[in-house]
Amino acid sequence: MEHKFTNALINETSPYLLQHAHNPVNWHPWNEQTLDKAKSENKLLLISIGYAACHWCHVMEHESFEDSLVAQVMNKNFVNIKVDREERPDVDQVYMNAVQLMTGSGGWPLNAVALPDGRPVWGGTYFKKEQWINALEQISKLYEEKPEKLYEYADKLEEGIKSLDVVQLNVSEPVFEKQYIDDAVAHWYKQFDHNFGGLNRAPKFMMPNNYHFLLRYAYQNNDSNIMDFVNLTLTKIAYGGVFDHVGGGFSRYSVDTKWHVPHFEKMLYDNAQLVSLFADAYLLTKNDLYKDVITETLDYVKEEMTNNEGAFYSSLDADSNTPEGKLEEGAFYVWKKEDLKALLKEDFELFSDYYNINNFGLWEHENYVLIRKDSDENIIKKHNLDLEALNEKKINWKTILTKKRNTRPKPRLDDKTLTSWNALMTKGYIDAYRVLGNANYLASAKKNANFILSTMLREDGGLNHSYKDGKSTINGYLEDYASVIDAFIALYEATLEQKWLNTSRDLANYAFDHFFDDKSNMFFFTSDTDASLVSRSIDYRDNVIPGSNSIMAKNLFKLAHYFDNEHYSITATTMLNNVTLEMHEYPSGFSNWFDLMLNYTNPFYEVAIVGKEAKEKITELNKAYIPNKLIAGSTKDSNMPLLENRFTPDDTYIYVCVKKACKLPVTETKEAINLIEK
């Protein structure tokens, strides 16, 4: 196909950047050459940031960036840079902070204008074509006639950006108490939606880490109110339209309070973390709904988001073409009542009751998003069925609808591989294996972990962040190190293969060398080998993915136990102590930190299993929900601190220890579980 325009993005691997390679806008990638060009030509930078699955990014591209008149204004006055926020979260963070300071809100597409030195002076999110042209012409005029005003503003804004994400070293003695957590949860409780779960507002994000912490908190405190709320939330999420009832997997969030109509893009990181969450919830409740969610989500990941190398893709777009060729959000996923009637025939009445093809399930323009209200038990009673018959019907419905849906144009796939998100998915597979015992799940986890080792780990011991078409690129961020260490520790606990634990330790040491901030005892988001940006941020608040510092602190807490390393232990404690002043006011933004705090307020157990049946004992141990433990094990002699001098060839012993003090070894898993308190 002949293209009228081609710009410098044509040489990139990011699917999002390649989508813009034939815009009339003279886009450049973010790199030193582009930044030098702006300085040498003394031109303003126009930085536009988005990602492949972003609906409004596509809208703005179509309205403005594909328009020759808009391109003329942009090309004449600016050096234009397109950024994939998933490839360059560091760049995204700087300009997101700037836009939030300037406008009070942020989102994607994120558009900012900066001085030739990269310091921002103006920005916003989505703009209509006329607004966009207007704003750019005004800024250009100001830069031409009164540049000193922009420089003055940039100085003030730079100060503001640098004051964000600053963590002060807390010099007070670390004191972590149950009451502090109880008070924070009580404060948080006021925001809960007791009808549909989640927080009492829309839009609703799943926030898996919130419910992972609350599940553990409820269990360890015998708090039935919180436990009921977590189960309500997970059930409503599983029933909702945010879960794809035909193909499996989750969308990013719902636009309403009942988890019904999603923003239809499917992100790897959501699906990864939700598998882990539902795995622990299933372990505790044995609720078959949760098990179904795990298996259907992992079936989806295997079919749609995994390549031949065992690496995972990033996302599926929210938008796809209608039969008329019009790009629409959710077009691949929604149903018309008449089509469902024609497809399901005599089963339509039961199906429409099960998935609410009624006012409850209606979205817009006569489109329905499948959503459940009733349990299988209620449906069975109401329609005089048995469970086996209902399950057969559900399988049949999914087969019919999948076949039909696959005739529709599919959403675009972002097929780049991100190290951090892949590690989250590996952890999801390990958690599913731990709970369900499916050996295929462990095989997928190991395949991906070996992909990370062979392709994303460099000879200097550092990680790369992104992979596409055989190329491993972009120096890794703290999120890559934190997520990989976490996944590899879990993989060690599942396999007892020492290499995963040793690699975790080596990656932690690399992070200390290149990311650690001696002033705050936290870790910067970017390496000291990266080109400097306007500010070097510390990512510590938990969001849809936990903050990379909270994951890192939990890693160091565990590694300190495994390797008897006091430096790791002191750092983890100091990091947690640093954020205690902020945690109480905004618990949903610190749930992973609260999870770590439970390791200090409650007993935390080292379970060491040594002997030829160690793996079998671990499988038995994993049948119990024990969130306050780590596992060390070996089927032979080991010089690891927790295992040293404990191997005997004839028996397999289980040692249950707290703070280096161990109970007498036992040989039966049940006995070991009885020694562990919540």
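Parameters at a glance
Residues numbered from 1 in each chain as written. Predicted model: local features only at pLDDT ≥ 70, side-chain atom pairs only at ≥ 80, totals over all residues. Heavy atoms only, no water. Disulfide = S-S within 2.5 Å. Buried < 20%, exposed > 50% of the residue type's maximum accessible area, 1.4 Å probe, protein only. Axes fitted to C-alpha atoms, helices over the stretch in contact; angles between N-to-C directions. Helix = DSSP H or I, 4+ residues; strand = E, 2+ residues; numbered from the N terminus. Parallel < 35°, antiparallel > 145°, perpendicular 65-115°, else oblique. Left-handed = near helix turned anticlockwise from the far one by under 90°. Contact = heavy atoms within 4.5 Å. Nonpolar A, V, L, I, M, F, W, Y, C, P; charged D, E, K, R; others polar. Salt bridge = Lys/Arg side-chain N within 4 Å of Asp/Glu carboxyl O.

Caption draft 1: Layout of the state of the cysteines. Counted according to the given criterion, the structure contains two disulfides. Disulfide partner of Cys54: Cys57, at an S-S distance of 2.2 Å. Taking the sign of the S-S torsion, 85° for the link of Cys54 and Cys57, the bridge is right-handed. Judged by its relative accessible area of 2%, Cys57 falls in the buried class. Each disulfide pairs two cysteine sulfurs, and for Cys657 the partner residue is Cys662, the sulfurs being separated by 2.1 Å. Between Cys657 and Cys662, the S-S dihedral sits near 100°, and the bridge is therefore right-handed. Accessibility expressed as a relative area gives 1% for Cys657, which makes it buried. For Cys662, a relative accessible area of 36% gives the class partly exposed.

Caption draft 2: Seen up close, the packing of helix α10 (residues 224-239) against helix α11 (residues 268-285). Relative orientation of the contacting elements α10 and α11 amounts to 125°, with a least axis distance of 12 Å. In terms of orientation, α10 and α11 fall into the oblique class. Of the two possible hands of crossing, α10 and α11 adopt the one that is left-handed. Counted together, Met227, Asn231, Leu234, Ile237 and Ala238 of α10 and Leu277, Phe278, Ala281, Leu284 and Thr285 of α11 form the full contact between these two elements. Within the contact of α10 with α11, the residues separate by chemical class into eight nonpolar, two polar and no charged.

Caption draft 3: Structural view of the environment of Asn308. Relative to the helices and strands, Asn308 resides in the loop between α12 (288-304) and β10 (315-316). A relative accessible area of 76% means that Asn308 is categorised as exposed. Separated by 261 residues in sequence, Asn308 and Ile47 have C-alpha atoms that sit 35 Å apart.

Caption draft 4: Just the pattern of salt bridges, in detail. What the rule picks out here adds up to 37 salt bridges. Residues Lys162 and Glu158 are paired through a salt bridge, measuring 2.9 Å at the closest nitrogen-oxygen approach. In this pair, Lys162 and Glu158 both sit in helix α7 (residues 147-163), four residues apart, roughly one turn of the helix. Using a relative accessible area of 42% as the deciding quantity, one classes Lys162 as partly exposed. Counted as one network, the salt bridges with shared partners bring together Asp117, Arg119, Asp155, Glu158 and Lys162.

Purely geometric stuff here, so don't read any function into it on its own.
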